[in-house]
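Results of the structural survey
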Amino acid sequence: MARTILPNQQAKAIAIALLKQGKIMALPTETVYGLAGDATQGKAVAAIYQTKERPHFNPLIAHVSHVAMVERYCVIDALSRQLMERFWPGPLTLVLPLKTDHTIHPLATAGLPTLAVRQPVGIFSEIVEAYDKPLVAPSANSSGRLSPTTAAAVAQDIGDKIPLIVDAGPCRVGIESTIIKVTDIEVLVLRPGGLALSDLEEQIDRPLAIVDQRAAIEAPGMLQSHYAPNASIRLNAREVFDGEALLRFGDQTIANSENASYMLNLSEGGDTREAAVNLFAYLKILDDYHVDKIAVQPIPMVELGIAINDRLTRAAAPRSFAD
Ligand code: TXA
Ligand code: MG
């Protein structure tokens, strides 16, 4: 069983000693907990895929501690650099071309000529800075399960497979990073996430294009259903059917609410940021209650509502495979 420790100097020293040995561990970020390992060591990267039972063709995000670290591995265009400087550390991931002589292990990129990079908030970045090499980290859940936003959720899912969990409390954003790729003509959004697209739009000089993940094969892993709780999910519910649990949003009215087996409100005040923080945690609560059907009230497509609807749509999709 994993040793769970607080994010202090001792945690850093233990993490670095483990990383040197090619071991992997769960580390907190502001979005979700990540399952981290040395991006340059095949042994570590393989252990991440194995622990999550994740398909090998779904590439990982490399976590860095500053823009200069990205420069060692990738070619950075002017707008990508500007966005990193503006939003890092934070929930923005950029896909960049790799330099030919890079040392990132090919398993981490699934053989692609690009690398997804981001600087997370907090102790994760401090560990990367001290280790002085990028750490790849997918969300610290088994493939197909909910992304964990607490150390306890990590422990329950994969705690018996890893040596260390660093516990920094609940994640403050609660939903995975927004992933983009800058091209000469536009900024492609590969995954809506914890950085609102409206915040991104203010900083760019070209159109924002949301890639239909079901159509565009930027990364194969983005196409499938994931982020799934055990229960089936019904979106945009205006009434509750017998036996369903209800995920509310704001103070919208709903018919037959007396049918709900459980009721949780993602944000009573109708705030999408608060709803993002609660989303995975509440789905997990309903899983722990062994609920088998969840009705979700409409969530507006503003700010983090775009990312929340993306995750819920995937959770509602037929199950295939996941990350
Ligand atoms: O907030 C986050 O992004 C969290 C924390 C731990 O940083 N990480 C996370 O990782 O959500 P993961 O592995 O669950 O999602 C990474 C996504 C996948 O959809 C993958 O296909 C995409 O990033 N990706 C990785 N490398 C890529 C690349 N070179 N080109 C396009 N997409 C890429
Ligand atoms: Mg994930």
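Before any of the text, the structure's been laid out above.
In this text, all values refer to a predicted model and were calculated from it rather than measured experimentally.

Rules and cut-offs
- The numbers attached to residues start from 1 for each chain and follow its sequence in the written order.
- Written order determines the labels here, with chains lettered from A and ligands numbered from 1.
- In keeping with the model being predicted, local features are shown solely for residues with a pLDDT of at least 70 and side-chain atom pairs are shown and tallied solely at 80 or more, while totals for entire chains, interfaces and linings include all residues.
- Hydrogen atoms and water are omitted, and side-chain values are computed over all heavy atoms in the structure.
- A pair of strands is treated as paired once DSSP finds two or more bridges between them.
- Helical segments are the DSSP runs of H or I of at least four residues, strand segments are the runs of E of at least two, and each set is numbered from the N terminus.
- A fitted line through C-alpha atoms serves as each axis, taken over the contacting stretch for helices, and the angle formed by two N-to-C directions is quoted from 0 to 180°.
- Grid points spaced at 1 Å and placed over the protein atoms alone form the basis of the search, with a cavity being a set where a 1.4 Å probe fits but cannot get out and a pocket an open set showing protein on both sides within 12 Å along at least five of seven lines. Lining residues have an atom within 4 Å of a point.
- Grid points are joined across faces, edges and corners, and a volume is the space filled by probe spheres set on the points.
- Under the convention used throughout, the expected extent of a helix is 1.5 Å for every residue step, that is, one less than its residue count.
- At any given residue, the bend is defined as the angle formed between two axes, one fitted to the seven residues that end at that position and one fitted to the seven that begin there.
- When a residue's accessible area, from a 1.4 Å probe over protein chains only, is under 20% of the maximum for its type it is buried; when over 50% it is exposed; and in between it is partly exposed.
- In what follows, residue pairs with any heavy atoms lying within 4.5 Å of each other are defined as contacts.
- For this analysis, a polar contact is any N or O atom pair within 3.5 Å, provided that within protein one partner can donate a hydrogen and the other can accept it, and provided that sequence-adjacent residues contribute only side-chain to side-chain pairs.
- Any residue with at least one heavy atom within 4 Å of a molecule or strand is counted as near it.
- Each accessible area is a Shrake-Rupley result for a 1.4 Å probe, and residues are judged covered by the shown protein chains and nothing else.
- Ten residue types, Ala, Val, Leu, Ile, Met, Phe, Trp, Tyr, Cys and Pro, are classed as nonpolar, four, Asp, Glu, Lys and Arg, as charged, and the remainder, Gly among them, as polar.
- Every case where a carboxyl oxygen of Asp or Glu lies within 4 Å of a side-chain nitrogen of Lys or Arg is listed as a salt bridge.

With respect to the sheet that holds strand S15 (residues 293-296)
Across the sheet, four strands lie side by side as S12-S15-S13-S14; this open sheet has parallel pairing. Of all the strands in the sheet, just strand S12 (232-234) and strand S14 (263-265) have a single pairing partner and so form its edges. Geometrically, the sheet is characterised by an average inter-axis angle of 20° between neighbouring strands, direction not taken into account. Sheet analysis places strand S13 (residues 245-248) next to S15, joined by three bridges and oriented parallel. Paired with Leu247 across the two strands is Val296, which belongs to S15.

Side note on the layout of surface pockets
If you add up the space inside the second largest pocket, you get close to 310 Å³. Surrounding the second largest pocket, 17 residues form its lining, Leu146, Ala153, Gln156, Lys284 and Asp288 being those nearest its centre. Within the residue set of the lining of the second largest pocket, elements represented by two or more residues are helix H7 (151-158) and helix H9 (272-288). At five residues, H9 tops the list of elements feeding residues into the lining of the second largest pocket.

Section: H9
Taking 1.5 Å of rise per residue, the 17 residues of H9 would be expected to cover 24 Å, and the 24 Å separating its terminal C-alpha atoms lies within 8% of that figure. The sharpest bend along H9 measures roughly 40° and falls at Asn278. Those residues of H9 that sit buried are Thr272, Ala275, Ala276, Asn278, Leu279, Phe280, Tyr282, Leu283, Lys284, Leu286 and Asp287. Against H7, S12, S13, S14, S15 and helix H10 (305-316) lie the buried residues of H9. The distance from a side-chain oxygen at the start of H9 to the backbone nitrogen of Arg273 is 2.9 Å, and the residue carrying that oxygen is Asp271. Downstream of H9 by one or two residues, His290 has phi in the positive range, about 60°.

Observations concerning the site of ligand 1
Among the 26 residues in the neighbourhood of ligand 1, the closest are listed as Thr31, Arg54, Asn58, His63 and Ser177. Between ligand 1 and the protein, one listed contact pairs an oxygen atom with a side-chain N or O atom of Arg118 at 3.1 Å. Here ligand 1, which alone exposes 690 Å², has 99% of that area covered by the protein. Among the elements of the structure, strand S4 (61-63), strand S6 (114-118) and strand S10 (187-191) are those that each provide at least two residues to the shell around ligand 1. When residues in the shell around ligand 1 are grouped by element, the largest group, three residues, is from S6. The class makeup of the residues in the shell around ligand 1 is 13 nonpolar, seven polar and six charged.

A few points about unusual backbone geometry
Omega for the bond connecting Trp88 with Pro89 falls within 30 degrees of zero, at -10°, which places this linkage in the cis form. When you line up the elements, Pro89 lands in the loop between helix H4 (78-87) and strand S5 (92-97). Of note in this structure, Asn236 is not a glycine but carries a positive phi near 50°. Relative to the helices and strands, Asn236 is located in the loop between S12 and S13. At Asn256, a residue that is not glycine, the phi angle is positive and equals roughly 55°. Residue placement: Asn256 occurs in the loop between S13 and S14.

With respect to the pattern of salt bridges
Per the stated rule, a full pass over the model turns up 15 salt bridges. The partner of Arg72 in a salt bridge is Asp132, with the nearest N and O atoms 3.0 Å apart. Here the residue Arg72 occupies a position in the loop between helix H3 (67-71) and H4, and Asp132 occupies one in the loop between helix H6 (123-131) and strand S7 (135-136), the gap between them amounting to 60 residues. Each member of the salt-bridge network shares a partner with another, and the members are Glu176, Asp310, Arg311 and Arg314.

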